[in-house]
Amino acid sequence: MLCALQINAQDTFDEEPIVLQGIEVQASRWTRQSGFRQVKVDSLRRSQHVHENLAQLLENNTSLFIKSYGLGGLATPSFRGTGASHTQVYWEGFNINSPMLGQVDLSLIPVAATEHIYLDYGGASLQHGTGGLGGSILLDSRPEFTKRWKGYAGITSGSFGMRNVLGQVTGGDEKWQINSRFYHRAASNDFPFMNSDKEWVRTQNAAFRQLGLMQDIYFKSHLLGTFSLKSWIQETDRNIQPPITVRINNEQIEDNFFRITGAWEKSNHHSMLKLSTAWFRESLIYENPAASVRSDNEVQSFRTKARGSHRINDAWMLTGGSDFFSDRADASVYNNIMHQQRLSLFSGTEYDGTRINFSFLIRTEWVDSLFSGPLPSLGIQYKLTGLPEGSWLRTNVSRNFRALTLNENFWAAEAGRSLLPESSWSAEMGLEVRQKMYGMELHHDVSLFSNWVDNWILWRPGVPSWRPENIQQVWARGFEYAITLNHQAGAWGFIVQGSYTFTRSTSRYPVHGLDNSANRQLIFIPEHEARIDGGISFRKYSIGLSQAYVSTRYVSSDHNAWLPAYLLTDLWTGRSFAIRKSLVELRGTIKNLWDFNYQVIPNYAMPGRYAEVSLFYHFNKKP
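Residues numbered from 1 in each chain as written. Predicted model: local features only at pLDDT ≥ 70, side-chain atom pairs only at ≥ 80, totals over all residues. Heavy atoms only, no water.

*Asks:* Got a minute to help me understand the overall build of the chain in this structure?
*Replies:* If you tally the helices and strands in the chain, you get four helices and 38 strands. Since a compact globule built from 623 residues should have a radius of gyration of about 25 Å, the 24 Å found for the chain is in line with a globular shape. Dimensions of the chain, computed from C-alpha atoms along their principal axes, come out at roughly 65 × 60 × 50 Å. Residue burial in the chain is summarised as follows: out of 623 residues, 53% are buried. Contacts spanning at least 24 positions in sequence make up 61% of the contacts within the chain whose residues lie at least 6 apart. Across the chain, the mean location of the 61 positive side-chain charges is 4 Å away from that of the 58 negative side-chain charges. (Helix = DSSP H or I, 4+ residues; strand = E, 2+ residues; numbered from the N terminus. Rg over C-alpha atoms; globule rule 2.2 N^0.38 Å. Buried < 20%, exposed > 50% of the residue type's maximum accessible area, 1.4 Å probe, protein only. Contact = heavy atoms within 4.5 Å. Lys, Arg positive; Asp, Glu negative; His and termini not counted. Charge placed at Lys NZ, Arg CZ, Asp CG, Glu CD.)

Shown next as structure tokens:
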């Protein structure tokens, strides 16, 4: 994507801003492990999708596959051929995966709710916690501690009753900083589609409404360190879009939460210590009036973290920490109030040399009376000669573990007692090349990965309800390639970004005697994904095009049923206006330009061509 602005690109902690005409690539430092693939979603991409949800941003700009049930519907990620519960999502360092479901609905997380987004692939997720067999997504916000107030207000209107209003104000001085955000998102989502009778009808019962408020307060003292207090409250009401085979459906969900976290951090040139704690309260109410069903679920979570590091010399650094989680769930599907507690300890070391870097970490976890055993990760990267200066070869290996969720333990007691936790061994080899040629910056990243998951858990239809089962072993392996090319020449600028992913994710053994799913691709996981987007900017104008291809996905384990491949194209354009110390942005987007008829999940309609228009006002933002 490309912004019609001239904005600062910077590493917040290390470098002075570099002014770029028309292109913005901004990211903050986070804990990076040598030898592992870790990706920052730069502020250029975030700003283009700030009015959307996290699922839409990741679907359009990363190699993750997003399983979506339609506009406003459930959307879950798949990292490297794994399932939704194998992706751990962290907000301000704390895991926000549901203790009951073990996953996160990315459609409920607005991009406006976070300022920095990072992806940790494979074993890189172990530095934050367990369970990310495929990887993890990190969301956080950080202060600048400058005497400058800034912010924005924006409104977006689009097809099918879509309307979003959002804004942010941040500022303070060298000691205090305040960051306030709000958003209101709503849509009727009454888009037309062809039903099972080959008739064009409009989607019913798919309306969506969401309201959120966030408040961050920071205080910094050279003597005492940095203190922070952050809160996030959100209310979401949505109707559940019925399958195309169902004409009437009145199902709806209320999904509300309140999250608060406080932290203290003290650091100097050699050492760092950070202590943080959090309390979450989440409620989900499901109603189906036609079936006289109502399900009330509430989870309260208390969490603490300690992190520390000490740099021995210029090359060696030691790290360590501990996590303690306590979850309490009161749900209609359980016989009693259920509790779960976790304690995790880890330690590691980092070495930064001239030609070779490596990181080693070992983690252990206790979940109630269950012990994970040692969970090691080792990553090595080597600086290559004979290639451009920024060329590194990396490799890593790691072991991970995912404990049973509350639903897997207590939804069906007889199944929960027989279930085993999932564990995995993963390995990766990659090459990263950064070079400059003919005034252009070129970045290549190639990865080969392999992940063996034992006791993979799959939910299957049963009597009287769905039941979780271990399906022995799954082998997920594949290839990833990403490329970025950008160039600036005076008032002109262009950027091209592309990626391709090949994934084979297969069950190694049959689940039972009549099962013929062994060595076949798992359902809903595409073998091929490709994305490319590019844009051109000239002074205050910009225009761009993006395309995404997703190959056939099987919807039955014997491969007798499948969904066809699809190709989506988005066209966007923008114009900015400078008003003294402020900027006004006008952006327009046409999504699914060629009106492609497709489904991501069988029998759930996806919209055809539709449009969005956004108007944003940024104050104290230089052109």
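*Asks:* Could you clarify how one ought to interpret empty space enclosed by the protein in this entry?
*Replies:* Empty space among the atoms becomes visible once a probe the size of a water molecule is rolled across them. For the structure on display, the rule yields eight cavities of 30 Å³ or more. In this structure, the largest cavity encloses a volume near 750 Å³. Taken together, 46 residues form the lining of the largest cavity, with Q56, E59, L71, K591 and Y610 sitting closest to its centre. Those elements giving two or more residues to the lining of the largest cavity turn out to be α2 (54-61), β4 (65-68), β11 (162-172), β12 (176-187), β32 (528-538), β33 (541-550), β36 (566-579) and β38 (610-619). Of the residues that constitute the lining of the largest cavity, the class distribution is 20 nonpolar, 18 polar and eight charged. The volume enclosed by the second largest cavity comes to roughly 320 Å³. If you trace the second largest cavity, you find 27 residues lining it, with Q88, N95, N97, T130 and R342 closest to the centre. When residues of the lining of the second largest cavity are traced back to their parent elements, those giving at least two are β6 (87-91), β20 (316-331), β21 (338-352) and β22 (356-367). (1 Å grid on protein atoms, 1.4 Å probe; cavity = no way out; pocket = protein on both sides within 12 Å on 5 of 7 lines; lining within 4 Å. Points joined across faces, edges and corners; volume = space filled by probe spheres on them. Nonpolar A, V, L, I, M, F, W, Y, C, P; charged D, E, K, R; others polar.)

*Asks:* Can you help me understand the pattern of salt bridges in this one?
*Replies:* When their charged atoms lie close together, side chains carrying opposite charge are able to pair. Going through the model one piece at a time under the given rule, you end up with 29 salt bridges. Between E428 and R394 there is a salt bridge; the shortest N-O distance is 3.3 Å. One end of the pair, E428, is in strand β26 (residues 422-437); the other, R394, is in strand β25 (residues 390-402), and 34 residues separate them in sequence. E428 gets classed as buried once you look at its relative accessible area, which sits at 4%. The shortest N-O distance in the salt bridge between D570 and K591 comes to 3.8 Å. You can see D570 sitting in strand β36 and its partner K591 sitting in strand β37 (residues 582-591), a full 21 residues away along the chain. Of the residues examined, K591 reaches a relative accessible area of 7% and is grouped as buried. Overlapping salt bridges bring together R37, R80, R394, E428, D445 and E480 as one network. (Salt bridge = Lys/Arg side-chain N within 4 Å of Asp/Glu carboxyl O.)

*Asks:* Before we go on, may I ask you to explain the sheet that holds strand β7 (residues 94-95) in this structure?
*Replies:* The pairing of strands in a sheet comes from backbone hydrogen bonds and takes either a parallel or an antiparallel form. Taken together, five strands build an open sheet; the order of strands is β3-β8-β9-β6-β7 and the sheet is mixed. The open sheet has two edge strands, β3 (38-41) and β7, and neither has a second partner. Bridge count for β3 against strand β8 (residues 116-121) is four bridges, and the pairing is antiparallel. Each bridged residue has a counterpart across the sheet, and for Q38 the counterpart in β8 is D120. (Pairing = 2+ DSSP bridges.)

*Asks:* What's the story with α2 in this structure? I'm lost.
*Replies:* Since the α-helix advances by 3.6 residues per turn, residues separated by three or four positions end up pointing in the same direction. Taken across its eight residues, α2 has seven buried, putting it largely inside the fold. Among the residues of α2, L54, A55, Q56, L57, L58, N60 and N61 are the ones counted as buried. Its side-chain oxygen placed 3.0 Å from the backbone nitrogen of A55, N53 serves as the N-cap of α2. (Polar contact = N/O pair within 3.5 Å; in protein donor to acceptor, adjacent residues only side chain to side chain.)

*Asks:* Got a minute to help me understand a nonpolar patch on the surface in this structure?
*Replies:* On the surface, a cluster of nonpolar side chains totalling about 1,000 Å² of accessible area is made up of I356, F360, I362, L378, I380, Y382, L393, V397, W425, M429, L448 and W452. Going through the elements one at a time, β22, β24 (375-383), β25, β26 and β27 (440-454) are the ones with two or more residues in the nonpolar patch. Tracing the backbone shows Y382 in strand β24. Y382 gets classed as partly exposed once you look at its relative accessible area, which sits at 37%. (Patch = residues over 30% accessible without salt bridge, like charges linked within 9 Å, V, L, I, M, F, W, Y side chains within 5 Å. Areas by Shrake-Rupley, 256 points an atom, 1.4 Å probe, with all protein chains shown as cover.)

*Asks:* Is there a simple way to explain unusual backbone geometry in this structure?
*Replies:* Where the residue is not glycine, phi is negative for most of them; where a peptide bond is considered, it is trans in most cases. With phi around 55°, N189 is a residue other than glycine that occupies positive phi space. With respect to the secondary-structure elements, N189 resides in the loop between β12 and β13 (192-194). Judged by relative accessible area, N189 falls into the buried class, the value being 5%. Positive phi outside glycine occurs at N519, with the angle close to 65°. Considering the arrangement of structural elements, one finds N519 in the loop between β31 (492-507) and β32. Judged by its relative accessible area of 43%, N519 falls in the partly exposed class.

*Asks:* Looking at this structure, how should I read the pairing of strand β30 (residues 473-489)?
*Replies:* Each regular strand carries side chains that alternate between the two faces of the sheet. Here 15 bridges tie β27 to β30, and the two strands are oriented antiparallel to one another. Its bridge partner lying in β30, N451 is registered against A476. Pairing of β30 with β31, which is carried by 16 bridges, proceeds in the antiparallel orientation. Counterpart to Q488 in the pairing with β31 is G493. Hairpin remark: β30 followed by β31, antiparallel, with two residues in the connecting loop; positive phi at G490, about 65°.

*Asks:* Is there a simple way to think about the packing of aromatic side chains in this case?
*Replies:* Geometrically, a pair of aromatic rings is defined through the distance of the ring centres and the angle of the planes. If you walk through the whole model with that rule in mind, you get 20 aromatic pairs. Taking 6.2 Å as the distance between ring centres and 75° as the angle between the ring planes, the aromatic pair formed by Y334 and F410 counts as edge-to-face. Of this pair, Y334 sits in the loop between β20 and β21 while F410 sits in helix α3 (residues 406-410), placing them 76 residues apart in sequence. The exposure class of Y334 is buried, given its relative accessible area of 6%. Within the aromatic cluster, the residues linked to one another by ring pairs are W91, W232, F257 and F280. Against the face of F325 rests R303, its NZ or CZ located 4.7 Å from the ring centre. (Phe/Tyr/Trp six-rings, centres within 6.5 Å; stacked < 30°, edge-to-face > 60°. Lys NZ or Arg CZ within 6 Å of the ring centre and 35° of its normal.)

*Asks:* Whenever I open this one, the environment of F616 confuses me. Can you help?
*Replies:* Mapping F616 onto the fold places it in strand β38. In this structure F616 comes out as buried when scored by relative accessible area, which is 2%. Separated by 458 residues in the primary sequence, F616 and G158 have C-alpha atoms spaced 15 Å apart. Not counting residues up to four positions away in its chain, the partners in contact with F616 are V50, Y152, A153, G154, T156, L166, L583, V584, E585 and R587.

*Asks:* How do you make sense of the environment of Q472 when you look at a structure like this?
*Replies:* For Q472, the location among the structural elements is in the loop between β29 (467-470) and β30. Placed 218 residues apart in sequence, Q472 and E254 show a C-alpha to C-alpha distance of 36 Å. Other than its neighbours up to four places away in sequence, Q472 contacts V453, D454, N455, W456 and Y509.

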